[in-house]
Amino acid sequence: MKKLLIILLISLLAISMVFVGTGCKEEAVKETEEVKETEEVKETEEVKETEEEVAEEITLSLFTQAPGAYPEIFPEIISNFESKHPGVKVDMRVVGYGEYQSSLSAMIGAGEAPDVFLENQGGDLWGVAQAGEVLDLTPYLDANNGEWKNQMYDYIPDLLSWDGKVYAIAASLNNLQLAINRSLLEEYDLNEPETTDDLIKMAADLEGTGIAPIAFATADLWGAVDLFMVFVHQQGGGEVVMKADFGEEAWSGNEIFINAMKTIKELTDAGVFLEGASAMTYHEDALPIWIQENAVMLWPMGNFMIQDIPGDLDADAIWWPSMTGGERVLTGGTALVWGASSQTEHPDLAVDLLKELTTQETYKIMFKNGVAPAGELEEDVSSDYPLADKVNSQQGSALDRFIYTPELYKEVAVAVQALMAGDFTPEEAIEHLQEISDSVYGE
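Here is a short report on the structure shown in this document.

Criteria and thresholds
Residues numbered from 1 in each chain as written. Predicted model: local features only at pLDDT ≥ 70, side-chain atom pairs only at ≥ 80, totals over all residues. Heavy atoms only, no water. Helix = DSSP H or I, 4+ residues; strand = E, 2+ residues; numbered from the N terminus. Expected span 1.5 Å × (residues − 1). Buried < 20%, exposed > 50% of the residue type's maximum accessible area, 1.4 Å probe, protein only. Contact = heavy atoms within 4.5 Å. Core = buried A, V, L, I, M, F, W, Y, C linked by side-chain atoms within 4.5 Å. Phe/Tyr/Trp six-rings, centres within 6.5 Å; stacked < 30°, edge-to-face > 60°. Patch = residues over 30% accessible without salt bridge, like charges linked within 9 Å, V, L, I, M, F, W, Y side chains within 5 Å. Areas by Shrake-Rupley, 256 points an atom, 1.4 Å probe, with all protein chains shown as cover. Salt bridge = Lys/Arg side-chain N within 4 Å of Asp/Glu carboxyl O. Lys, Arg positive; Asp, Glu negative; His and termini not counted. Charge placed at Lys NZ, Arg CZ, Asp CG, Glu CD. 1 Å grid on protein atoms, 1.4 Å probe; cavity = no way out; pocket = protein on both sides within 12 Å on 5 of 7 lines; lining within 4 Å. Points joined across faces, edges and corners; volume = space filled by probe spheres on them. Pairing = 2+ DSSP bridges. Axes fitted to C-alpha atoms, helices over the stretch in contact; angles between N-to-C directions. Polar contact = N/O pair within 3.5 Å; in protein donor to acceptor, adjacent residues only side chain to side chain.

## Thoughts on helix H16 (residues 406-421)
At step 1: Its 16 residues place the ends of H16 23 Å apart at the C-alpha level, agreeing with the 22 Å of an ideal helix rising 1.5 Å per residue.
At step 2: Counting buried positions along H16 yields 12 of 16 residues, so the element is predominantly enclosed.
At step 3: For H16, the full list of buried residues reads Pro406, Leu408, Tyr409, Glu411, Val412, Ala413, Ala415, Val416, Gln417, Ala418, Leu419 and Met420.
At step 4: The secondary structure elements touched by the buried residues of H16 are helix H4 (123-130), helix H9 (222-234), helix H10 (238-245), helix H11 (255-269) and helix H17 (426-441).
At step 5: Immediately beyond the C-terminal end of H16, within one or two residues, lies glycine 422, with a positive phi of roughly 85°.

Pasting the structure below:
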């Protein structure tokens with residue numbers, strides 16, 4: 001019996017040691033798992049902190065001009081972008097129109113191109129595209145069955161493509177009209193001009209008053225090109241000028257081009273344009289002259305400047321009067337276009353910033369500020385500017401106004417300036433363009 005009791009005690013002791021050993025093992029496992037979980041949380045937090053530190057270091061540079069409402073609307077657009085990209089900041093630099101192109105060229109030449117920058121459609125854009133300075137956006141536009149592309153009017157990518165590749169997107173659109181001060185019409189007993197003959201009569205009626213029919217500037221080139229294109233389109237020459245632009249049609253001897261130059265010369269000689277146009281820039285000179293009521297009209301006008309019209313000025317927008325044998329037309333297309341530098345260290349983020357310019361949020365901001373967005377608004381939005389609805393609603397009627405070959409774009413403006421200064425006849429102006437075309441296309 002005593003022996004049996006001893007055996008029982010030994011068995012109970014062995015069993016208790018097993019349980020104690022198991023409990024210790026479970027406790028050890030539990031402690032190990034807790035340490036592992038703590039280390040994993042710590043590692044996760046360290047990775048997260050590292051990612052946040054990296055994100056905080058990302059700054060995208062954006063370079064833009066400062067026309068109209070752009071300085072007011074861009075901070076809101078940037079704020080929306082930054083809220084969607086925590087840790088990414090946009091450094092926006094804004095300069096005046098007159099210094100923009102030279103500043104951008106200097107930055108690109110120094111290898112310090114902004115990540116995202118504005119460019120002028122036509123010669124300026126194709127210049128940087130051909131030089132390989134802007135990112136090819138085609139893969140981004142085509143991704144996800146063209147999801148991004150579909151946010152814009154379908155004709156826009158074609159206008160901004162070169163050799164089948166799209167190098168920019170349009171945040172806004174434009175059509176070009178004559179801004180008119182109706183109070184001055186009434187004050188000087190003038191009629192709204194419908195033909196170029198009416199413009200010439202207006203100049204005669206205003207002689208000696210110190211008031212010019214039209215404030216016009218050609219020093220920054222684009223206004224001169226736009227005027228030439230109006231008269232080409234009035235003669236149905238859109239397809240012809242496009243072929244000449246790309247060296248597929250002769251400039252020399254073409255009556256459409258010569259007649260356009262003849263009309264500009266005729267208006268200049270009649271005093272339709274404020275004297276000194278060749279030395280004036282649009283935003284710094286012509287626009288203030290018109291606002292100060294020293295000219296009845298301003299060329300060209302578009303949604304890029306209706307924000308600058310004082311509320312007490314009785315302004316309106318009309319299509320350019322028809323030349324002899326021509327029909328009144330509206331010219332336009334994209335306004336300010338945007339590209340990403342091909343040298344950017346953050347191409348996907350740069351493209352995301354471009355995408356922010358084509359969201360419904362951005363379109364609403366733009367329209368509210370009088371700027372025509374590059375795509376359809378999905379709901380009604382009211383604008384703060386009286387002429388916004390009129391100007392923007394006519395966008396679909398606008399014919400493409402651009403010369404695309406960079407060298408020709410500049411020289412069309414130079415030819416118009418020389419014509420207005422009396423240094424070229426209309427025929428000589430067109431011969432000059434033929435010489436430039438020959439030099440570009442090797443004929």
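## Some points on the nonpolar core
At step 1: With 79 residues, the main nonpolar core has Ile214, Phe228, Trp251, Trp290, Val296, Met305 and Trp320 as its most contacted residues.
At step 2: The element best represented in this core is H9, accounting for 9 residues.
At step 3: If sequence neighbours within four positions are ignored, tryptophan 290 has contacts with Ala179, Ile180, Asn181, Ala215, Ala295, Val296, Met297, Leu298, Met305, Ile309, Leu313 and Ala315.

## What to know about the packing of aromatic side chains
At step 1: Taken as a whole and assessed by the stated rule, the structure comprises 11 aromatic pairs.
At step 2: Ring centres 6.1 Å apart and planes at 10° place the aromatic pair tyrosine 153 and tyrosine 155 in the stacked group.
At step 3: Judged by relative accessible area, which is 28%, tyrosine 153 ranks as partly exposed.
At step 4: Its relative accessible area of 32% is what places tyrosine 155 among the partly exposed residues.

## Here we look at the environment of alanine 215
At step 1: Here alanine 215 shows up in strand E8 (residues 212-215).
At step 2: In this structure the C-alpha to C-alpha distance between alanine 215 and asparagine 294, which are 79 residues apart in sequence, comes to 8.1 Å.
At step 3: Not counting residues within four places of it along the chain, the set of residues in contact with alanine 215 comprises Leu274, Ala286, Ile289, Trp290, Ala295, Met297, Leu298 and Trp299.

## Topic: a negative patch on the surface
At step 1: On the surface, Glu186, Glu187, Glu293, Asp312 and Asp314 cluster together into a patch of negative charge.
At step 2: Structurally, glutamate 293 can be placed in the loop between helix H12 (282-291) and strand E9 (295-301).
At step 3: Residue glutamate 293 is classed as partly exposed on the basis of its relative accessible area, which comes to 35%.

## Topic: unusual backbone geometry
At step 1: Residue proline 300 follows tryptophan 299 across a cis peptide bond; omega there is -15°.
At step 2: Position of proline 300 relative to the elements: it lies in strand E9.
At step 3: One non-glycine residue, asparagine 144, lies in positive phi territory at about 55°.
At step 4: When you line up the elements, asparagine 144 lands in helix H5 (residues 138-146).
At step 5: Its identity as a non-glycine residue notwithstanding, glutamate 293 has a phi of 65°, on the positive side.

## What about the layout of surface pockets?
At step 1: Taken as a whole, the largest pocket spans an internal volume of roughly 470 Å³.
At step 2: Lining the largest pocket are 25 residues, with Tyr97, Asn120, Asp124, Trp222 and Tyr409 positioned closest to its centre.
At step 3: Within the residue set of the lining of the largest pocket, elements represented by two or more residues are helix H3 (97-109), H4, H9 and H16.
At step 4: With 4 residues, the top contributor of residues to the lining of the largest pocket is H3.

## Considering the pattern of salt bridges
At step 1: Going through the model one piece at a time under the given rule, you end up with 12 salt bridges.
At step 2: Among the salt bridges present, the one from glutamate 356 reaches lysine 84, with a minimum N-O distance of 3.1 Å. One end of the pair, glutamate 356, is in helix H13 (residues 347-356); the other, lysine 84, is in helix H2 (residues 70-84), with 272 residues separating them in the sequence.
At step 3: The partner of aspartate 269 in a salt bridge is lysine 265, and the shortest N-O contact between them spans 3.5 Å. Of the two residues, aspartate 269 and lysine 265 both sit in helix H11, 4 residues apart, roughly one turn of that helix.
At step 4: Classification of aspartate 269 as exposed rests on a relative accessible area of 54%.
At step 5: The network of salt bridges with common partners includes Arg182, Glu192, Asp316 and Lys390.

## A look at the sheet that holds strand E1 (residues 59-64)
At step 1: If you trace the 5 strands from one edge of the open sheet to the other, you get E2-E1-E3-E12-E6, paired in mixed fashion. Each edge of the open sheet is held by one strand with a lone partner, namely strand E2 (89-94) and strand E6 (169-170).
At step 2: In this structure, E6 lies alongside strand E12 (residues 336-340), joined through 2 bridges in antiparallel fashion. Bridge assignment links isoleucine 169 to a residue of E12, and that residue is tryptophan 338.
At step 3: Against the sheet, H4 engages strand E3 (116-120) and E12, with an angle of about 130° to E3.

## Considering the pairing of strand E11 (residues 331-334)
At step 1: Examined bridge by bridge, strand E7 (residues 172-181) and E11 share 4 bridges and lie antiparallel to one another. Counted as the bridge partner of asparagine 174 is glycine 333 from E11.
At step 2: Two strands pair when backbone bridges link them, and E11 and strand E14 (residues 399-400) are joined in this way by 2 bridges, in the parallel orientation. Note that in E14 the partner of glycine 332 across the bridge is aspartate 400.

## Describing the environment of arginine 401
At step 1: Tracing the backbone through its elements, the reader meets arginine 401 in the loop between E14 and H16.
At step 2: Along the sequence, arginine 401 and histidine 233 sit 168 residues apart, while their C-alpha atoms lie 8.6 Å from each other.
At step 3: Side chain to side chain, arginine 401 and aspartate 226 meet in a polar contact 3.0 Å long.
At step 4: A distance of 3.3 Å separates a polar side-chain atom of arginine 401 from the backbone oxygen of threonine 334.

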